[in-house]
Amino acid sequence: MKQPRDTFDEIRKIAGQIHPEQVRWRRHLHAHPELSTQEFETTAFLTKQLRTLGARVVPLRKMKTGVIAELTGHCPGPVVAIRSDIDALPICEKSGVPFASKITGRMHACGHDMHMATVLGAVAVLSQMRERFSGTVRFIFQPAEEVPPGGARPMIAEGALKNVKVIFGLHVDPTLATGKISLRDGVTMASVCDFDLIIHGSGGHAARPHTTVDSITCAAEVVDSIQKIVSREIDPILPAAITFGRIEGGTARNVIADRVTLTGTARSLSPELARRLPALIRRTTAGICKARGAKFEMKEIARYPVLSNHARVNRLLASNYEQLFGPGKIETTPVVLGGEDFACYLEKVPGSMFRLGVMNKKIKADKPWHSDRFIADEQALIFGTSLFCAAVVDVLGKDR
Ligand code: NI
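None of these values were measured; they are calculated from a predicted model.

J.: So what exactly am I meant to see when it comes to the coordination of the nickel ion here?
T.: Reference values for angles at a metal are 109.5 degrees in the four-donor tetrahedral case and 90 or 180 degrees in the six-donor octahedral case. On the protein side, the nickel ion has Cys110 (SG), His112 (NE2) and His171 (NE2) as donor atoms, found 2.2 to 2.3 Å from it. Positions of the donor residues of the nickel ion, expressed as sequence spacing, correspond to C-x1-H-x58-H. Taken together, the residues His112 in helix H3 (residues 112–126) and His171 in strand S5 (residues 164–177) connect sequence positions 59 residues apart.

If you want it as structure tokens, here you go:
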């Protein structure tokens, strides 16, 4: 994995040269955020820039947003993929930056604008280094990371992973200083099962409960019992969480509700638990509903596998990052029960998602993800772009 030193010099040099333009792309994207599956202007902007940079834009058959583009080296060879998500959040920006969102109630508060700029930067650098690699680099700009069922599986259906040998992704990290990255081998993020439970009873007068099946008291028992799945049915050394984020039912104080909808999510860090959790939720709900004479439906909204990074790919990233920027800049990514649909790509091909440090207290870039004051340090674009390029040249380089 040792590459000639001048490769790293060249990558750092070009990444520095394109940085001012990269910042302009990022600020344009930041000012024009779009929600999941509605990323039309974002898609048009990316397509235009990709064409200008000399990448080939691959037409999508079904998807209305998102872009796949390719850059080929000096001769044929394998395919390496780099993925960026592109969607923003329904948040009203209060960061105070001069390029803040121009769209009220929409904000790039998870840094996906930074991801897009990092990957566009990689296109810009690699388009000037085609003699350094053979084969194809495929850039996947994926919509709808934030909202299940997510854009990853539809992108895979469009052929995003065709012939892919390895895939790289990143997520900015406002808890990690600019200049650092973090990696973790194996399971890093949780499996996700997003589901709705609809409890059907039969309504009536509040004063005549014996003539009804009260869906609200039944739903309350379901919520309570499901909490005992994690505490009583799962090995306590295995992390899992089941949360209901929304409960809806009923119309008036004196009317017994005939229907309640519970909106929930179940997370875990093991593929085995990921399979078991939905069945345990269904069994518990069925038992309670049977006891109370109610009926129910369980609607599965999305299911993502655990996100598991490949150790071999991490070693390649770490080696390249050290050769680019020296030792002592790599931390270990903490495990979380958060989900990420990049896991769907890693289920199919080897790869890794690294965290890119964007924390810089001097510019107040230290607020958490999804905060309305989220700020990312744009200097980090150089580090992320350089690592993507070095990793691509390492896998596809002709000098190896
Ligand atoms: Ni995100």
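From this point, the discussion proceeds with the structure in view.
J.: In this structure, what is going on with the side chain of Thr65? I would like to understand it.
T.: Mapping Thr65 onto the fold places it in the loop between strand S1 (56–58) and strand S2 (67–72). A distance of 2.9 Å separates the side chain of Thr65 from the side chain of Glu39, its partner in a polar contact. Excluding its chain neighbours within four sequence positions, the residues that come into contact with Thr65 are Thr37, Gln38, Glu39, Phe40, Thr43, Leu60 and Pro143.

J.: Please clarify how the sheet that holds strand S15 (residues 330–332) should be interpreted in this entry.
T.: One open sheet holds the eight strands; their spatial order is S1-S2-S4-S3-S5-S16-S6-S15, and the pairing between them is mixed. Among the strands making up the open sheet, the edge pair consists of S1 and S15. Within this sheet the neighbouring strands show an average axis-to-axis angle of 30°, counted without direction. Packed onto the sheet, helix H9 (residues 380–396) meets strand S3 (79–85), strand S4 (136–142), S5, strand S6 (181–183) and strand S16 (351–359) and runs at close to 160° relative to S16.

J.: Help me understand empty space enclosed by the protein in this model?
T.: Empty pockets left among the atoms are what a rolling probe the size of a water molecule brings to light. All told, the structure shown has two cavities of 30 Å³ or more when counted by the stated rule. Here the largest cavity is characterised by a volume of approximately 60 Å³. Around the largest cavity, the lining residues are His171, Thr188, Met189, Leu307, Asn309, Thr333, Met353, Phe354 and Arg355. Elements supplying a minimum of two residues to the lining of the largest cavity: strand S7 (186–189), strand S14 (307–309) and S16. The dominant element in the lining of the largest cavity, judged by the number of residues it contributes, is S16, at three residues. Class assignment for the residues of the lining of the largest cavity results in four nonpolar, four polar and one charged. Estimates place the volume of the second largest cavity at around 40 Å³. Surrounding the second largest cavity, Ser191, Val192, Cys193, Ala266, Ala274, Leu277, Arg303 and Tyr304 form its lining. Listing elements by their share of the lining of the second largest cavity, those giving two or more residues are strand S8 (191–200), helix H6 (271–292) and strand S13 (295–304). A class-by-class count of the residues in the lining of the second largest cavity yields six nonpolar, one polar and one charged.

J.: It is not clear to me how the domain arrangement of the protein chain should be interpreted in this structure. Could you clarify?
T.: For the protein chain, the assigned domains are domain 1 (5–188 + 306–396) and domain 2 (191–304). Using only C-alpha atoms to locate each centre, domain 1 and domain 2 end up separated by 37 Å. Taken together, the contact pairs 16 residues of domain 1 with 15 residues of domain 2. Both faces combined, the contact of domain 1 with domain 2 buries some 1,100 Å², and carbon together with sulfur accounts for 68% of it. For domain 1, the biggest contributors to the area lost against domain 2 are Pro148, Val306 and Leu337; these three give 54% of the whole. Viewed at the interface, domain 2 and domain 1 are joined by zero salt bridges. Connecting domain 1 to domain 2 are three residue pairs in polar contact (both at pLDDT 80 or more). Residue classes in the side of domain 1 that touches domain 2 are distributed as nine nonpolar, three polar and four charged.

J.: Please clarify how the environment of Ala240 should be interpreted in this entry.
T.: Residue position: Ala240 is located in strand S10 (residues 240–249). By relative accessible area, which is 14% here, Ala240 ends up buried. Separated by 97 residues in the primary sequence, Ala240 and Leu337 have C-alpha atoms spaced 7.6 Å apart. Residues contacting Ala240, with those up to four places away along its chain left out, are Val230, Ile234, Arg267, Ser268, Leu273 and Leu337.

J.: What exactly am I supposed to notice about the packing of helix H5 (residues 215–233) against H6 here?
T.: When two helices pack together, you describe them by how their axes are tilted relative to each other and by the distance separating the axes. In contact at an axis separation of 9 Å, H5 and H6 are set at 140° when each is read in the N-to-C sense. With respect to H6, the element H5 is oriented oblique. Crossing handedness for the pair H5 and H6: right-handed. Across the interface between the two elements, Cys218, Glu221, Val222, Ser225, Ile226, Ile229 and Glu233 from H5 touch Arg276, Leu277, Leu280, Ile281, Arg283, Thr284, Thr285, Ile288, Cys289 and Arg292 from H6. Its residues assigned to classes, the contact of H5 with H6 comprises nine nonpolar, three polar and five charged.

So, how was this worked out
- Going along each chain's sequence as written, the residues are numbered from 1 onward.
- It should be noted that, the model being predicted, local features are given only for residues of pLDDT at least 70 and side-chain atom pairs only at 80 or more, the latter also being counted only at that level, while totals for whole chains, interfaces and linings use all residues.
- Note: side-chain values were computed over all heavy atoms of the structure, leaving out hydrogens and water.
- Metal sites are built from N, O and S donor atoms within 2.8 Å, or 3.2 Å for Na, K and Ca, and they leave out water, so they may look incomplete.
- Strands here are runs of E lasting at least two residues and helices are runs of H or I lasting at least four, both read from the DSSP assignment and numbered beginning at the N terminus.
- Pairs of N or O atoms within 3.5 Å make up the polar contacts considered here, provided that, within protein, one atom can donate a hydrogen while the other can accept it, and that residues adjacent in sequence are counted only when both atoms are side-chain atoms.
- Here, residues are in contact when the closest pair of their heavy atoms is within 4.5 Å.
- Two strands pair under a simple rule: DSSP has to find at least two bridges between them.
- Between N-to-C directions, angles span 0 to 180 degrees; the directions come from axes that are lines fitted to C-alpha atoms, helices contributing only their stretch in contact.
- Here a cavity denotes a set of grid points, spaced 1 Å apart and computed over the protein atoms alone, in which a 1.4 Å probe fits but from which it cannot get out, and a pocket denotes an open set meeting protein on both sides within 12 Å along at least five of seven lines; residues with an atom within 4 Å of a point are reported as lining.
- Grid points are joined across faces, edges and corners, and a volume is the space filled by probe spheres set on the points.
- Three classes are used: nonpolar for Ala, Val, Leu, Ile, Met, Phe, Trp, Tyr, Cys and Pro, charged for Asp, Glu, Lys and Arg, and polar for all others, with Gly counted as polar.
- Reported domain spans reflect what an automatic or database domain assignment gives.
- For any pair of parts, buried area is found by adding up, for both, the accessible area (1.4 Å probe) each one loses once the two are put together.
- Whenever Lys or Arg places a side-chain nitrogen within 4 Å of a carboxyl oxygen from Asp or Glu, that contact is recorded as a salt bridge.
- Burial status follows relative accessibility: with a 1.4 Å probe on protein chains alone, a residue under 20% of its type maximum counts as buried, one over 50% as exposed, and anything between as partly exposed.
- Angle categories are assigned with fixed cut-offs, so that under 35 degrees is roughly parallel, over 145 is roughly antiparallel, 65 to 115 is roughly perpendicular, and the rest are oblique.
- Left-handed is the label given to a crossing in which the near helix is rotated counterclockwise from the far helix by less than a right angle, and right-handed is the label when the rotation is clockwise.

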